[in-house]
Amino acid sequence: PVDAINLDLFWFGKEMKGTMGNFEFEKDSFPNPKKMIADLKEKGVKTILITEPFVLTTSKKWDEAVEKNILGLNDKGEPYTYDFYFGNTGIIDIFKPEGKQWFWDIYKKFAGYGVAGWWGDLGEPEVHPSDLLHATGTADEVHNIYGHNWAKLVFEGYQKDFPTQRPFILMRAGYSGSQHYGMIPWSGDVNRTWGGLQSQPEIALQMGMQGMGYMHSDLGGFAGANLDDELYTRWLQYGVFQPIYRPHAQEEVPSEPVFREPITKGLAKKSIELRYSLLPYNYTLAFENNQKGIPLMRPLFFEELSNNELFTNDKIYLWGNNILVSPVVKAGLSVQDVYFPSNSNWFNFYTDKKVEGGKTLSIQLVEESIPTYVKGGSFIPMIQSIQNTTQYNLNTFDLHFYFDETVKESEDMLYNDDGETPNAFEKGLYEIMTFESEFENNKLCIEIESELGENYQFSSKEINLIIHNISNKPRKVSSANFTWNAKTSTLVIPVSIHNSKEKSIKIKF
C-alpha cells in the first residue's frame, strides 16, 4: 500500500547544488509533470514536492526575484547574497507582502498541476546571516518564527485559493502554535543508527505535549550509508504507532521497502498493512487532536497520573487511549521489559494473552512485531488493509472489543467524515459512532449508536463485532448469527446498521 510520493531536490534540477530556487520541473527528467501527477492520482497516489526558501544566484528565478524585490536585503537595500552548502543564495523575505505573494504564487501554480501537498525544508532557516534584513526585523529577530510564518503562508493560501482542500504541510521548522496552520514537523536528519532510533519516542512525546501532535521521524533513519535490516524493520514497526508513516533517507541506502531483500520487505509490508488497517482508530485520534489538542502519542502518566516514575518513562507510551506500545530500539534483543499501567488489564494485540496491570514483565520479542497491548474494556475499530486512503470507507469494518470481566462499563468512539472537506466537523459533515459495553450478572451488553452532523448523509454499515477473551461458548446471543472460536477465545457477531438509532447486542454467559 502507498498513499503519496515525496519528490526531493531533483524535481527541479539534475544536480544537488546550483539549482535550488528554480521552482520548475526539470524537463529532461519530468517531460510531462501534469500527466505524471494525474497518472499517479488515478492510482490513488498523491504527489508531494519539496520546496526551500532559498533562491540561488545560479537558479532560473534569480533575476525575477531581484527584479520583484522579494528577497532579504543588506544594509544598502540590495539582495543579501551568501554561500551555503547548495550554492550562492538569497532568501525569500516571507515577512514582506511581495515576497509572501511571490512564494504563494509558486504553490498555487503547482497545486493547479495536481500537487497534493508540500514539503518545506531548511526552514529554520538553515543559514541566516545576522545582518540580513527582513521587512519586519533582522534575521536574528525573525529567525525562530520563519518556519512558522512559512507554514502560515501556505495554510492561508489554501484557505483563499483552494478552500475545499485540506493542505498537507510538512515542515522541518516551526514555533509555538504552528499546529494552528496544520504543520507536520519531523525530527530532522537523524542518524540511520540505533542511536538515531532510540531518541525518537522521547522527541515525539515531548513535542506532542507542547502541542505539536504530528511530530515524527524519517522511518529507517536519514543520514549514513548504514544497511541494517533489523534497524529498518524495528523503525518501521515503531512507525505504525507514530503520527506520520514516511520512510526517507539519503540516497546511499534506499528508504523504500521495495529495494530490501525479501524477508525485510515482507516484514515492512506487514507493518504498512497494519497501519492501514488501523485507519478508523487513527483517524479518531486525529479528530481528538484537532478538537482538544490531545497528542496522538501519549506518555504513560496519561493513564496513571499518580505514579511519579512515569513522568520520565519514554520507553513505553500510549497510542491514543487504548493501545500500549513498547518500541524495540536496541539491536539483537530477545526480551524487553514492559511496564503495564495499574488501572487496567492489558491484552497482547497479536496473541490476546492477558497481563494484569501494575507489573513490569520481561516480554519475549518476536521478529514480526513490537510489544503492543490493548487496554481491557476497549473498542478498537479496524478495516481490512487497503491500497491507499482513496479506498477508505466504513461500509464494512471490524469492531474489536477486548472483554475484561473486571470492567463493568466502558465507552469509546469512532469519528468519520469524507476525509477531504476542511472543517468538516464544524460544517456538520461528520458522523460519530459511540460504542458502549456493560457487564453485569454474567450478561454483556454492547450498544452501538451514531450521532450525525446536520449535513451528513447516513450510510448503512456491516460491522464484524469481534469480542476477545471469551473462554466459554455463550449460552445465548441476541443476534441469531454468531461464531465462537474455542481455540482463539473469540466471539464473532455480524451486526448490520441501517439507521442511526441505537443497536443493542446482548450476550448471556
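Residues numbered from 1 in each chain as written. Predicted model: local features only at pLDDT ≥ 70, side-chain atom pairs only at ≥ 80, totals over all residues. Heavy atoms only, no water.

Caption draft 1: Local environment of the pairing of strand E1 (residues 4–7). Sheet topology note: the E1/strand E2 (residues 46–51) ladder contains four bridges and is parallel. Pairing of Asn 6 across the sheet is with Ile 48, part of E2. This β-α-β element, E1 to helix H1 (residues 33–42) to E2, shows right-handed connectivity. (Pairing = 2+ DSSP bridges. Helix = DSSP H or I, 4+ residues; strand = E, 2+ residues; numbered from the N terminus. Right-handed = clockwise from strand over helix to strand, strands pointing away.)

Caption draft 2: Region of the structure containing the pattern of salt bridges. Across all of its chains, the model carries 22 salt bridges by this definition. Between Asp 229 and Arg 260 there is a salt bridge, with its nearest N and O atoms 3.0 Å apart. With Asp 229 in helix H8 (residues 229–239) and Arg 260 in the loop between H8 and helix H9 (262–277), the pair connects residues that are 31 residues apart, well separated along the chain. Residue Lys 315 is joined to Asp 314 by a salt bridge in which the shortest nitrogen-to-oxygen separation is 2.8 Å. Given the relative accessible area of 13%, Asp 314 is considered buried. (Salt bridge = Lys/Arg side-chain N within 4 Å of Asp/Glu carboxyl O. Buried < 20%, exposed > 50% of the residue type's maximum accessible area, 1.4 Å probe, protein only.)

Caption draft 3: Looking closely at the sheet that holds strand E16 (residues 354–355). Taking strand neighbours across the sheet as the criterion, the six strands line up as E11-E12-E13-E18-E15-E16 in an open arrangement whose pairing is antiparallel. In this open sheet, the two edge strands, each paired with only one partner strand, are strand E11 (297–299) and E16. Sheet topology note: the strand E12 (residues 317–319)/strand E13 (residues 323–325) ladder contains three bridges and is antiparallel. Residue pairing across strands places Leu 318 opposite Leu 324, the latter belonging to E13. Against the sheet, helix H7 (residues 200–209) touches E11 and E12, its axis set at about 90° to E11. (Contact = heavy atoms within 4.5 Å. Axes fitted to C-alpha atoms, helices over the stretch in contact; angles between N-to-C directions.)

Caption draft 4: Highlighting the packing of aromatic side chains. A full pass over the atoms with the stated rule returns 40 aromatic pairs. Measuring from centroid to centroid gives 6.4 Å for Phe 25 and Tyr 113, while their planes differ by 10°, and the two rings are stacked. Pair noted here: Phe 25 is in the loop between E1 and H1 and Tyr 113 is in helix H3 (residues 97–113), with a separation of 88 residues, a long-range link. On the numbers, 5.8 Å between centres and 20° between planes, the contact of Phe 103 with Trp 150 is stacked. Placement of Phe 103 in helix H3 and of Trp 150 in helix H5 (residues 146–161) is noted, with a sequence separation of 47 residues between them. By way of ring pairs, the aromatic residues Phe 23, Trp 102, Phe 103, Trp 104, Tyr 107, Trp 118, Trp 150, Tyr 158 and Phe 162 are connected into one cluster. Geometry around Tyr 85 places Lys 17 over its ring, the cationic atom sitting 4.4 Å from the centre. The side chain of Lys 34 reaches across the aromatic face of Tyr 113, ending 4.9 Å from its centre. (Phe/Tyr/Trp six-rings, centres within 6.5 Å; stacked < 30°, edge-to-face > 60°. Lys NZ or Arg CZ within 6 Å of the ring centre and 35° of its normal.)

Caption draft 5: Representation of the environment of Pro 295. If you trace the backbone, Pro 295 turns up in the loop between helix H10 (279–292) and E11. Along the backbone, Pro 295 and Pro 243 are 52 residues apart, and their C-alpha atoms lie at a distance of 9.2 Å. When neighbours within four sequence positions are excluded, Pro 295 is seen to be in contact with Gly 208, Asn 289 and Phe 302.

Caption draft 6: Spatial organisation of the nonpolar core. Formed by 67 residues in total, the largest nonpolar core has its most connected members in Phe 241, Leu 278, Trp 319, Phe 397, Ile 448, Ile 467 and Ile 493. For Ile 493, the contacting residues outside a window of four places in its chain are Ile 463, Asn 464, Leu 465, Ile 467, Val 477, Ser 479, Asn 481, Phe 482, Ile 505 and Ile 507. (Core = buried A, V, L, I, M, F, W, Y, C linked by side-chain atoms within 4.5 Å.)

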